[in-house]
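Here is what each chain is made of, one letter per residue.
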Amino acid sequence: MKLALLDIGSTAARLEIVDLDRSRIPRADWSVKARTRLAERTGTDGVVDERGVEHAVRAVQHCVRAAADQRPDALVAFGTSAVRDAANGTRLREELSDAAGVRIGVLSPRDEAAVTYHAARRWHARCGTPMTAVDIGGGTIDVSTGVDLEPDEVVSLPIGAVRLTRQYLPDDPPRPEQVDELVEAVRRTIPRSLRGFAERDLGHPVALSKVLRQLAVLTESSPGKLARHPDRLSRAKLRPWIPRLAELDQSQRAALPGVSRSRARRILAGAIVADLILSAIGVDELEICPWGLREGLVFRFAEAHGDSGDVRGLMTTLFR
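Source: prediction; values computed, not measured.

*Asks:* Requested: an account of the overall build of the protein chain, with residues and values cited.
*Replies:* Each helix and strand counted, the protein chain has 13 helices and eleven strands in total. Radius of gyration (C-alpha) of the protein chain: 19 Å, near the 20 Å computed for a compact globule of 320 residues. Along the longest, intermediate and shortest principal axes, the C-alpha atoms of the protein chain span 50 × 50 × 40 Å. Counting the 320 residues in the protein chain, one finds 54% classified as buried. Restricting to contacts in the protein chain with at least 6 residues of sequence separation, those with at least 24 account for 67%. Summed over its atoms, the accessible surface of the protein chain is roughly 14300 Å², and 46% of this surface lies on carbon and sulfur atoms. Averaged over its 47 positive side-chain charges, the protein chain has a centre that lies 3 Å from the centre of its 44 negative ones.

Structure, rendered in structure tokens:
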């Protein structure tokens, strides 16, 4: 069965096709992506403006049309927090659904964190031992821990890097008082919300999300040498970068090792949140996991296909 998985995020829409009958790992046989611009077209009130809706619709149309020749057996389309949490999310989902030709589903924050944890656990491959996954997305941060394929504890907080940047860092570069306000806001939230993790055996801590991977590249690179695929993010190496990032504007950050232009605005908020999460859970470094939400979903659909063949039934129960 050829499954097409369309992920509509704050930066891009990405459609991947995976053959569930022969793929033992969640590797796409074919993929295409197009920019949605949802992050930059969402206002402080949470409303995606008209141009943002149009950009996202065109991105979805481009992906679906490009995949038509691949003739997938099923198309699963879902939006991340940029779609789920938009103030005009109902209308946005309707227009994106029309563009895709299928209903755009969304996962609850906890379910999204659990699916991402599932991917990290599969990648880690050692069930029966503790593992903790840290994910910094655009709208939420997720910390999950457990000893099996499903987490025992999940904390999902609406303080993702895009959301914090939009709320606290409107200027480019931000003013020092704006950065201070952001730091104080997350300090009031993260330690209290994550205090239960400091009392647990967190086992092997892993990092998910592009923001954390880009921070790892940034902090592990040296003048004249780019660390293209670092295996970990160290808090000791991250902390000195926070005041440096705060002094730079978007274009200057985008010129740094590993920082993409699409994530240059949010990388400061991501770094601040990462530092405070690691402090709160008592971890010095995270191993970089290359898998995430899409891979976790592929595993879920592959399991449903192998057990009962009811992929469409899983679509109904998983997405709301």
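*Asks:* Would you mind going over the nonpolar core in detail, with residue names and values included?
*Replies:* Among the nonpolar cores identified, the biggest contains 51 residues, and Val 186, Ile 190, Leu 194, Leu 215, Ile 272 and Ile 277 are the most heavily contacted of them. Of all the elements, helix 11 (residues 267-281) adds the most residues to this core, at twelve residues. When sequence neighbours within four positions are dropped, the list of residues in contact with Val 186 reads Ile 159, Leu 164, Pro 191, Ile 272, Val 273 and Leu 276. Grouped together as the second largest cluster of nonpolar side chains are 27 residues, Ile 8, Leu 38, Cys 63 and Ala 67 included.

*Asks:* Which residues make up the sheet that holds strand 2 (residues 12-19), and what values go with them?
*Replies:* Sheet architecture is open: five strands sit in the order 3-2-1-4-5, paired in mixed fashion. A single partner strand is all that each edge strand has here, and the edge strands are strand 3 (30-35) and strand 5 (105-106). Judged from the six bridges that link them, strand 2 and strand 3 form a sheet pairing that is antiparallel. Directly across from Glu 16, in strand 3, lies its bridge partner Ser 31. This element, helix 1 (residues 50-67), spans strand 1 (2-8), strand 2, strand 3 and strand 4 (74-79) of the sheet and lies at about 160 degrees to strand 3.

*Asks:* Quick rundown of the packing of helix 7 (residues 210-220) against helix 11? Include the residues and the values.
*Replies:* For the pair helix 7 and helix 11, the least separation of the axes is 10 Å and the interaxial angle reads 90 degrees. In terms of their interaxial angle, helix 7 and helix 11 are classed as roughly perpendicular. Residues Val 211, Leu 212, Gln 214 and Leu 215 of helix 7 form the contact with helix 11, whose own contacting residues are Ile 267, Gly 270, Ala 271 and Ala 274. When grouped by side-chain class, the residues that make up the contact of helix 7 with helix 11 number six nonpolar, two polar and no charged.

*Asks:* I'd love a proper account of the environment of Cys 63, names of residues and values included.
*Replies:* Here Cys 63 lies in helix 1. Between the C-alpha atoms of Cys 63 and Ser 31, which are 32 residues apart in sequence, the distance is 8.7 Å. Residues in contact with Cys 63, not counting those within four places in the same chain, are Leu 6, Ala 13, Leu 15, Val 32, Lys 33 and Ala 34.

*Asks:* Go over the pairing of strand 2 with me, naming the residues and quoting the values.
*Replies:* With six of eight residues buried, strand 2 is to be regarded as a mostly interior element. Sheet topology note: the strand 1/strand 2 ladder contains seven bridges and is antiparallel. Looking across to strand 2, one finds that Leu 3 is bridged to Val 18. What sits between strand 1 and strand 2 in their antiparallel hairpin is a turn of three residues.

*Asks:* Kindly report on the sheet that holds strand 6 (residues 131-136), identifying the contributing residues and their values.
*Replies:* Hydrogen bonds along the backbone pair up the strands of a sheet, which may run parallel or antiparallel. Reading across the sheet, the six strands line up as 8-7-6-9-11-10 and stay open at both edges, with mixed pairing between neighbours. Edge positions in the sheet fall to strand 8 (153-157) and strand 10 (232-234), since each of these pairs with one other strand and no more. Across the sheet, the mean angle separating the axes of adjacent strands is 25 degrees when strand polarity is ignored. Relative to strand 11 (residues 285-288), strand 10 runs antiparallel, the two being bridged by three bridges. For Leu 233, the partnering residue across the bridge sits in strand 11 and is Leu 286.

*Asks:* Please give an account of the side chain of Glu 16 that cites residues and values.
*Replies:* Within the fold, Glu 16 resides in strand 2. A polar side-chain atom of Glu 16 sits 2.8 Å from a polar atom in the side chain of Arg 14. Not counting chain neighbours up to four residues away, the residues in contact with Glu 16 comprise Leu 3, Ala 4, Leu 5, Ala 28, Trp 30, Ser 31 and Arg 294.

*Asks:* Which residues make up the pattern of salt bridges, and what values do they have?
*Replies:* If charged atoms from side chains of opposite charge come close, those side chains can pair. Summed over all chains, the structure comprises 23 salt bridges. A salt bridge links Glu 150 to Arg 300, with the nearest nitrogen and oxygen atoms 3.0 Å apart. Here the residue Glu 150 occupies a position in the loop between strand 7 (141-146) and strand 8, and Arg 300 occupies one in helix 12 (residues 293-307), the gap between them amounting to 150 residues. Notably, a salt bridge pairs Asp 171 with Arg 175, separated by 2.4 Å at the nearest N-O pair. Overall, Asp 171 belongs to the partly exposed group, its relative accessible area being 27%. Relative accessible area serves as the criterion here: at 40%, Arg 175 is assigned to the partly exposed category. Look at the salt bridges and you will find they share partners, linking Asp 7, Arg 14, Glu 16 and Arg 294 into a network.

About the criteria used
- Residues numbered from 1 in each chain as written.
- Predicted model: local features only at pLDDT ≥ 70, side-chain atom pairs only at ≥ 80, totals over all residues.
- Heavy atoms only, no water.
- Helix = DSSP H or I, 4+ residues; strand = E, 2+ residues; numbered from the N terminus.
- Rg over C-alpha atoms; globule rule 2.2 N^0.38 Å.
- Buried < 20%, exposed > 50% of the residue type's maximum accessible area, 1.4 Å probe, protein only.
- Contact = heavy atoms within 4.5 Å.
- Areas by Shrake-Rupley, 256 points an atom, 1.4 Å probe, with all protein chains shown as cover.
- Lys, Arg positive; Asp, Glu negative; His and termini not counted.
- Charge placed at Lys NZ, Arg CZ, Asp CG, Glu CD.
- Core = buried A, V, L, I, M, F, W, Y, C linked by side-chain atoms within 4.5 Å.
- Pairing = 2+ DSSP bridges.
- Axes fitted to C-alpha atoms, helices over the stretch in contact; angles between N-to-C directions.
- Parallel < 35°, antiparallel > 145°, perpendicular 65-115°, else oblique.
- Nonpolar A, V, L, I, M, F, W, Y, C, P; charged D, E, K, R; others polar.
- Polar contact = N/O pair within 3.5 Å; in protein donor to acceptor, adjacent residues only side chain to side chain.
- Salt bridge = Lys/Arg side-chain N within 4 Å of Asp/Glu carboxyl O.

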